[in-house]
Each structure stands twice: as C-alpha cells, then as structure tokens.
Amino acid sequence: MRLDYFIAHATGLTRSQAKRLIASGAVSVSGVARPTARLQLDGEQVQLDGTPLTLPGHRYLMLHKPHGVVCSTEDPGHRTVLDLLPGDQRRDLHSAGRLDLDTTGLVLLTTDGQWSHRITSPNTHCPKRYRVTTALPLTAAAVQQLRAGVLLHDSPTPTRPAEVEQLADAELLLTISEGRYHQVKRMLAATGNRVTALHREAIGALSLDPSLEAGAWRFLSGSEVALFA
Ligand code: URA
C-alpha cells in the first residue's frame, strides 16, 4: 500500500495533503524518518509527528470542549463540537457521551459506535473525573453524601458511590461511573449546593491532554484507543 494512501485513510486528509506531510518529514515508518513510498503493512508502525496512526477507517479524537459549544452534531442555536474540526474531519463522527453547554473539558469523538458504546454504556461503569467548583463551601457531610451516593429527584436508586477529593473550600474532584442527565450538577444540588463551574478532566485512564487549549483537538494514539478496547 502506498504510504500517502495509508495516511489519507488514517487521518481523513487528502492524498496530496498526505504527500506534503511525508515530504515535510513529519511521517516516520517503524522509526525511519524518511520512509519509502510503499508500506509492507504487517507490523509496520506509521507515526505522524510522533503519534501512531491506525487503519482502517475509524477515527478517534480528543477535543477540549470550550464553554458555549454543544456536543450534538447539529444545533440551530449554538456552535457544535464538529464546528471546531476542519470540514474534512467531520464526516461520520459522534461524541462518546455529552457535556452540558456550560461544561468544559474532555470530549471523545469517533466514527466507531462499538468503541463509544463501551465508554457510555450504563453497564460498563466507565469512570469520568470532573473538577467541580461550587457556590458554597463543601461540608464534611456533603462530601460523605457524595461518596456514599445521593438520591436524585427522578430516580428511587441512589447514585453509585463516587470518589471525592476536596481541593479547596468550594472545589473538588468528583469521579462518577454513571452518566445520568446533568448528574454532577444534580448530585451537588442534592447536598444543598450549586455547581458554578464544571470541567471534565478524564474518562477512564485517559486524561485531557494539557497541551490542548480550549477548542483544540488531536487524534488519539493507538494505545489511547486501546484503553477502551
Ligand atoms: N454532569 C453534569 O451535570 N453536566 C455535565 O456536563 C457532565 C456531567
């Protein structure tokens, strides 16, 4: 297989863009910085600026969602996460779970429905870590309630036990392994408090890349994709 063809399929770039990347020296094959034009696919690892690329067609991205952007793929009133990507990358992507309009942080986007299902399914209990700022200081009783599980209005079942690390009087890291509607905000409301800022830092063992500014994105490496395999 030609290397430019491989790169175009792995990234969604055009063949001519892929050729320009190869010519620029950004692509290596099995550690060789100036690769030949053809690949012997078995076992060869293609890297773009040090990031492993994978075939076939599925794409996996992480994005730093800014405030005021929706996670749905279409919205009449707001910018969507897809609007933050170049046009040639948007095709067939969906987000693996959603954040509220005013929540910032890690969003995973993919074309692979089975992969995203493992992240969002209520049965897999994939943990999500949030940095939460609250209107009022947290009491010891509230921290205890969050850890044990709280009752939300619409459900007779308490939330699953959560991990809580208090960072300041009104700031905590909260790790939950469910994805109920507005769950973090409603959990804090159930303790008599209110969320004033919410930022997702991690999904499972995958943390938001600190080099990504709000609105920026990058492809996941093969090993990052494999965290949810
Ligand atoms: N919980 C919320 O309340 N909002 C989010 O965006 C994510 C989790």
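A brief look at the structure comes next. Quick caveat, the model's predicted, so the values are computed rather than measured.

Across its full length, the protein chain carries 6 helices and 14 strands. When its C-alpha atoms are laid out on the principal axes, the protein chain stretches across 65 × 35 × 30 Å. Per-residue burial over the protein chain gives 44% buried out of 229 residues. Taking the contacts inside the protein chain whose residues are at least 6 apart along the sequence as the reference set, 63% of them involve residues at least 24 apart. Total accessible area on the protein chain is roughly 11700 Å²; 53% of this is exposed by carbon and sulfur atoms. Charge centroids of the protein chain, computed over 24 positive and 22 negative side chains, lie 3 Å from each other.

One finds L109, V132, L174, V184, M187 and L188 to be the most contacted residues of the largest nonpolar core, which totals 30 residues. Mapped by element, the contributors of at least two residues to this core are β4 (60-65), β8 (104-110), β9 (128-134), α4 (140-148), β11 (171-176), α5 (183-190) and β12 (195-203). In this structure, L188 is in contact with V132, T134, L138, L146, L174, N193 and V195, ignoring residues within four places of it in sequence.

In the structure shown here, the tally under the stated rule is 1 cavity of 30 Å³ or more. Estimates place the volume of the largest cavity at around 80 Å³. Forming the walls of the largest cavity are A10, P52, L53, T54, H58, R59, Y60, F219, L220 and V225. Of the residues belonging to the lining of the largest cavity, the class tally is 7 nonpolar, 2 polar and 1 charged.

Considered as a void within the structure, the largest pocket measures approximately 620 Å³ in volume. Together, 30 residues line the largest pocket, and G97, R98, L99, G179 and R180 are the ones closest to its centre. At the level of secondary structure, the elements contributing two or more residues to the lining of the largest pocket comprise α3 (113-120), β9, α5 and β12. No other element matches the 3 residues that α5 contributes to the lining of the largest pocket. Considered as a void within the structure, the second largest pocket measures approximately 160 Å³ in volume. The leading source of residues in the lining of the second largest pocket is strand β14 (residues 217-219), at 3 residues. Tallied by class, residues from the lining of the second largest pocket come to 7 nonpolar, 3 polar and 2 charged.

The final tally for this structure, using the stated rule, is 0 disulfides. You can see C71 has no disulfide; the closest cysteine sulfur is in C126, sitting 15 Å from it.

As a further point, take the site of the ligand. Around the ligand, the neighbouring residues are L99, D100, T103, Y130, H182, Q183, V184, K185 and L198. Separating an oxygen atom of the ligand from a backbone N or O atom of H182 is a distance of 3.2 Å. Between the ligand and the protein, one listed contact pairs an oxygen atom with a backbone N or O atom of Q183 at 3.5 Å. Of the pockets mapped on this structure, the ligand occupies the largest pocket. The element contributing the most residues to the shell around the ligand is α5, with 3 residues.

What counts as what
Residues numbered from 1 in each chain as written. Predicted model: local features only at pLDDT ≥ 70, side-chain atom pairs only at ≥ 80, totals over all residues. Heavy atoms only, no water. Helix = DSSP H or I, 4+ residues; strand = E, 2+ residues; numbered from the N terminus. Buried < 20%, exposed > 50% of the residue type's maximum accessible area, 1.4 Å probe, protein only. Contact = heavy atoms within 4.5 Å. Areas by Shrake-Rupley, 256 points an atom, 1.4 Å probe, with all protein chains shown as cover. Lys, Arg positive; Asp, Glu negative; His and termini not counted. Charge placed at Lys NZ, Arg CZ, Asp CG, Glu CD. Core = buried A, V, L, I, M, F, W, Y, C linked by side-chain atoms within 4.5 Å. 1 Å grid on protein atoms, 1.4 Å probe; cavity = no way out; pocket = protein on both sides within 12 Å on 5 of 7 lines; lining within 4 Å. Points joined across faces, edges and corners; volume = space filled by probe spheres on them. Nonpolar A, V, L, I, M, F, W, Y, C, P; charged D, E, K, R; others polar. Disulfide = S-S within 2.5 Å. Near = heavy atom within 4 Å. Polar contact = N/O pair within 3.5 Å; in protein donor to acceptor, adjacent residues only side chain to side chain. Sits in = over half its atoms within 2 Å of the grid points.

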